[in-house]
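Coordinate inspection notes
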Amino acid sequence: MATYVITGAASGIGAASRRRLESDGHTVIGVDIAHTDVVADLSTPGGRSAAAAAIDEASGGVVHGLVCCAGLGSLSRVSGGTLAAVNFFGAVDLAIALKPALERARGASVVVISSSSTTTQPGIPKNLVAACLDHDEPEAVRIGDEVTAIPAYPASKLALAWWIRREAVRPEWIGKGIRLNAIAPGMIDTPMTNSADLDPELAKALDFYPIPLGRRGRPDEIAALIAFLLGPDSTLFCGSVVFADGGTDAQLRQQDWPAEWTPTTEELTRHFQAKT
Ligand code: NAD
């Protein structure tokens, strides 16, 4: 049986994932700002290092999988800067800090929760995505505060998905047997989308979100996908962004991907160089 770390384990998708993995017989170390095993504020570098140290101690230095669910929603009345800090840096910094423990597991899996807002919400601030991918947290927080939480949300999640695709294929990760993948959920029924704290006017807009399936997703449906991506049946998944959204992305972006590839000769040569 495996030892898995779940951030955001106190609520919603994280809590459902904890229930699923524990019922499958695994050990789960929960991380959240309150009400779980490792209490840490993932919006700050200090909180992330404290979380990594506590996880190291609780796991004995071997972690088979990390699931980054901790996140702030765009309607939760937080600043765009704090949202970017938690949603992007709270995930990638913890993954980086836990890399030695993941490597020791020999075949670990990291799953981050991106969002279908990455492909269905117009007006993503590209400079915020770039600041995240440059790992420039002060600049990302500055831009997030400037643009506010609503556009900062899909920007933080797009950066997360692109970070996964960029890093997953590198020798530092897949070369060490660590698979990185992302899930892009659509609208899921959790406190993030149905809490009484949400701005009532903005929350009304959620009712107009197109979901061909005809209903919001349930946290346990995302937990099932997380369990699959952590486990031995998904060993071919490396750098995938898996949409689980009841059809929203397919409806709005039908033929935008898979996208055809038109590389330059240099790009072709670089990618297809024979290994010697
Ligand atoms: P949720 O609000 O139920 O859970 C989020 C958890 O993150 C909470 O337990 C919260 O305490 C924790 N968290 C927030 N700030 C933190 C911090 N500074 N430090 C540590 N923990 C912190 O929401 P959810 O719907 O379960 O969301 C889980 C993930 O899924 C999030 O990353 C969210 O963006 C993503 N997501 C959710 C939906 C949806 O419709 N619910 C859709 C797409 C993506």
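Quick summary incoming for the structure in this document. (Residues numbered from 1 in each chain as written. Predicted model: local features only at pLDDT ≥ 70, side-chain atom pairs only at ≥ 80, totals over all residues. Heavy atoms only, no water.)

**Digging into the site of the ligand**
Neighbouring the ligand are 28 residues; S11, I13, D32, Y153 and T190 lie closest to it. Taking G186, its main chain carries an N or O atom lying 3.4 Å from an oxygen atom of the ligand. Here the ligand has 820 Å² of accessible area as a free molecule, and 91% of this is covered by the chains. Breaking the shell around the ligand down by element, the ones donating at least two residues are α1 (12-23), α8 (149-168) and α9 (191-194). (Near = heavy atom within 4 Å. Polar contact = N/O pair within 3.5 Å; in protein donor to acceptor, adjacent residues only side chain to side chain. Areas by Shrake-Rupley, 256 points an atom, 1.4 Å probe, with all protein chains shown as cover. Helix = DSSP H or I, 4+ residues; strand = E, 2+ residues; numbered from the N terminus.)

**Let's talk about the packing of helix α3 (residues 80-97) against α8**
Relative to each other, α3 and α8 sit at 15°, their axes nearing to 7 Å. It follows that α3 is roughly parallel to α8 by the angle criterion. Along this stretch, α3 crosses α8, giving a crossing that reads as right-handed. On α8, the residues that touch G80, L83, A84, N87, F88, A91, V92, A95 and I96 of α3 are A149, A152, Y153, S156, K157, A159, L160 and W163. Broken down by class, the residue content of the contact of α3 with α8 amounts to 13 nonpolar, three polar and one charged. (Axes fitted to C-alpha atoms, helices over the stretch in contact; angles between N-to-C directions. Parallel < 35°, antiparallel > 145°, perpendicular 65-115°, else oblique. Left-handed = near helix turned anticlockwise from the far one by under 90°. Contact = heavy atoms within 4.5 Å. Nonpolar A, V, L, I, M, F, W, Y, C, P; charged D, E, K, R; others polar.)

**With respect to the pairing of strand β5 (residues 109-113)**
Among the five residues of β5, five are classified as buried, and the element is accordingly described as predominantly covered. Here β5 shows no split at all, with S109, V111 and I113 on one side and V110 and V112 on the other all buried. Pairing between strand β4 (residues 65-68) and β5: four bridges, direction parallel. Among the inter-strand pairings, L66 is bridged to a residue of β5, identified as V110. By the bridge criterion, five bridges tie β5 to strand β6 (residues 179-185) in an arrangement that is parallel. The partner of V112 across the bridge, within β6, is A182. (Buried < 20%, exposed > 50% of the residue type's maximum accessible area, 1.4 Å probe, protein only. Pairing = 2+ DSSP bridges.)

**As for a nonpolar patch on the surface**
On the surface, W261, L268 and F272 cluster together into a nonpolar patch covering about 360 Å² of accessible area. Within the element layout of this structure, L268 appears in helix α13 (residues 265-272). Assessed through its relative accessible area of 37%, L268 is described here as partly exposed. (Patch = residues over 30% accessible without salt bridge, like charges linked within 9 Å, V, L, I, M, F, W, Y side chains within 5 Å. Salt bridge = Lys/Arg side-chain N within 4 Å of Asp/Glu carboxyl O.)

**Thoughts on the pairing of strand β1 (residues 3-7)**
Taken across its five residues, β1 has five buried, putting it largely inside the fold. Every second residue of β1 is oriented toward a common face, with T3, V5 and T7 on one face and Y4 and I6 on the other, all of them buried. The pairing of β1 with strand β2 (residues 27-32) spans five bridges and is classified as parallel. Bridge pairing links T7 to V31 in β2. In this fold, β1 hands off to α1, which returns the chain to β2; that crossover is right-handed. (Right-handed = clockwise from strand over helix to strand, strands pointing away.)

**Re the pattern of salt bridges**
Within this structure, the stated rule accounts for 15 salt bridges. A salt bridge links R170 to E167; the nearest nitrogen and oxygen atoms lie 3.0 Å apart. On the accessibility criterion, R170 (32% relative accessible area) is partly exposed. Taking relative accessible area as the criterion, E167 reaches 8% and is therefore assigned buried. Across the pair R216 and D189 runs a salt bridge whose closest N-O atoms are separated by 3.7 Å. Separated by 27 residues along the polypeptide, R216 in the loop between α10 (200-205) and α11 (219-230) and D189 in the loop between β6 and α9 bring together distant segments of the chain. According to the relative accessible area criterion, D189 is partly exposed, its value standing at 38%. One salt-bridge network, in which partners are shared between bridges, spans R215, R218, D220 and E221.

**With respect to the environment of T193**
Mapped onto the elements of the fold, T193 is located in helix α9. Sequence-wise, T193 and L158 are 35 residues apart; in three dimensions their C-alpha atoms are separated by 19 Å. Look past the residues within four positions of T193 in its chain and what remains in contact with it is M187, I188, L198, L206 and R216.

**Regarding the nonpolar core**
The nonpolar side chains of a soluble globular protein tend to be buried with one another. The biggest cluster of nonpolar side chains holds 50 residues, and the ones touching the most others in it are I55, L66, L102 and W163. Considering each element in turn, this core owes the most residues, ten residues, to α8. In this structure, Y4, C69, V111 and L230 belong to the second largest nonpolar core, which totals 20 residues. (Core = buried A, V, L, I, M, F, W, Y, C linked by side-chain atoms within 4.5 Å.)

**Considerations on the environment of V241**
Relative to the assigned elements, V241 resides in strand β7 (residues 241-244). Judged by its relative accessible area of 25%, V241 is partly exposed. Sequence separation between V241 and V112 is 129 residues; the distance between their C-alpha atoms is 9.4 Å. Leaving out residues up to four positions away in the same chain, V241 has contacts with A161, R165, A182 and A184.

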